[in-house]
Amino acid sequence: MPVQESLTEEARRILRANDRGGFTIPTAGLYPFQWLWDAGFTALGWMQFDEGRAWQELETLFLGQWPNGMLPHIVFHRPEPTYFPGPERWGVTRTPPTSAITQPPVVATFVRWMLEQAQNQAQAEAKARSLYPKMLAYHRWFKRERDPENTGLITVLHPWETGADNSPAWDEALARVEVDPALPPYIRRDTAHVDPTQRPHQSEYDRFLTLLEVYKRAGFDQLRLLRECPFRVASLLIDCVLHRANRDLLWLSRRLGFADEAEIEGWLEASQRGIESLWDEEAGLYFNRDLRSGAAIRVGVSASFLPLYAGTSSPQRALRLLRTLEGWARQVRYLVPSTDPYSPRFEPQRYWRGPVWAVVNYLIALGFADYGYPEMALRIRQDTLKLCEMTGFSEYFHPLTGQGLGGGTFSWTAAIYLAWGQ
Ligand code: 9YW
């Protein structure tokens, strides 16, 4: 299915309109800052028509990196009252202000892809070389502060870190977080921009914000939070994205002549083991894990297919995943719903509880292609392009009707259209 010229133009127009000078906001009003994994996808979109601007997106993102290597999930480059919680609520006194948690670490993978496809190789190599030590510091932070016992799985401390905030996978773990009775009052901004039926519930939001108070009380000390944080999960999105990012960091290390191979290979061995321990033979899927109880979180989500993208699955498991997704495809019109459509928790219009997200589709399709299933990869690509063509570049889409949901004129959806159109 060829992409439409006029929509390619529209996608570029969206990136330009959301450009705030060096960083691209996901969408005006709802998300007026720079988000970590959005920046990766968006850079790939820029790469299709303005390489210099693409590299700048990542350079600007790293202005928010902490001295300990952590790359925060939001960089608040300049004040914007339309979003909550902003920098005051996070209480991080840095310039630029940032949040205190991270997000799926896609950057090293995008740097590799950008270097591979750059027309201007000299520029790309110089940029990749200057980003490399920062990415290495970030990945070292993950290992040192989020997997100090070398379990092969990263401990995630907030649903926002997973990128899939209100996924039903977090329901029980989040319900165990007792809402802080002294939680400072707040006014949500998200439901002023988007229909509340497409957004998380209030009870979830209270817990999201309670966790911020927990971090502040712990002085953002990660090792202390590994013991004390009431929300601790292993997230397939984080682990699989990090595994692939480490493979790509290893590739970059070799390509650019750095000497960190042994260290990165050690991480990969551990995460290979960790991710494969999340396999569930009966369900034919990978499940997230609750690290407080140690139990598998037995609800299928779109991230359940990401070990293909990571490259950790065996061919047998890959075939089971294919069959599982074919089953899901009988229940919905557009792939890939963010929650198993057979699950009683499936809500086709609510955020990460059912709708289709273009960025996750991109990763899942790559995984199926890597394992020798080009038909499934093509089906996912075609569904994604069709959704954009039918209803525009929405934040997410209804998997039964194709309706565009959440915010409109969304940067990472436009970026995927550009990247997939090539
Ligand atoms: C929030 C920006 C972000 C994404 C997340 C998505 C949502 C809400 O929007 O987060 O308030 O941070 O869940 O994955 O990066 O697009």
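Heads up: the structure comes first, above all this text.
A quick note: this is a predicted structure, and the numbers were derived from the prediction, not measured.

Draft legend 1. Geometry of the overall build of the chain. When you go through the chain residue by residue, the secondary structure sums to 17 helices and nine strands. Here the chain has a C-alpha radius of gyration of 20 Å; the compact-globule value for 422 residues is 22 Å, and the two agree. Across its three principal axes, the chain shows a C-alpha extent of roughly 55 × 50 × 45 Å. Counting over 422 residues, the chain shows a buried share of 52%.

Draft legend 2. Region of the structure containing the site of the ligand. Lining the immediate environment of the ligand, one finds Pro26, Tyr31, Trp35, Trp37, Asp38, Trp160, Gly163 and Asp165. Here the shell around the ligand is composed, by residue class, of five nonpolar, one polar and two charged.

Draft legend 3. Local environment of helix H3 (residues 51-61). For H3, the set of buried residues is Ala54, Trp55, Glu57, Leu58, Thr60 and Leu61. Buried-residue contacts for H3 involve strand S1 (34-35), helix H2 (36-47), strand S2 (74-75), helix H5 (107-117) and helix H6 (121-146).

Draft legend 4. Molecular detail of unusual backbone geometry. Cis rather than trans, the peptide bond between Phe84 and Pro85 has omega equal to 0°. Following Thr95, the chain continues to Pro96 via a peptide bond in cis, the omega torsion being -5°. Locating Pro96 in the fold gives a position in the loop between helix H4 (87-90) and H5. Positive phi, close to 55°, is recorded for Asn150, a residue that is not glycine. Positive phi is not limited to glycine here, since Tyr351 has a value of about 50°. Counting through the fold element by element, Tyr351 comes out in the loop between helix H14 (315-329) and helix H15 (358-370). Overall, the presence of 25 C-beta atoms within 10 Å leaves Tyr351 in the buried class.

Draft legend 5. How the structure looks around the sheet that holds strand S6 (residues 288-290). Pairing is antiparallel across the open sheet formed by three strands, whose spatial order is S3-S6-S7. Unpaired on one side and paired on the other, strand S3 (233-234) and strand S7 (296-297) mark the two borders of the sheet. In terms of strand pairing, S3 meets S6 through two bridges, oriented antiparallel. Of the residues in S6, the one forming a bridge with Val233 is Asp290.

Criteria and cut-off values
- Residues numbered from 1 in each chain as written.
- Predicted model: local features only at pLDDT ≥ 70, side-chain atom pairs only at ≥ 80, totals over all residues.
- Helix = DSSP H or I, 4+ residues; strand = E, 2+ residues; numbered from the N terminus.
- Rg over C-alpha atoms; globule rule 2.2 N^0.38 Å.
- Buried ≥ 20, exposed ≤ 12 C-beta atoms within 10 Å, placed from the backbone.
- Near = placed C-beta within 6 Å.
- Nonpolar A, V, L, I, M, F, W, Y, C, P; charged D, E, K, R; others polar.
- Contact = placed C-beta atoms within 7 Å.
- Pairing = 2+ DSSP bridges.

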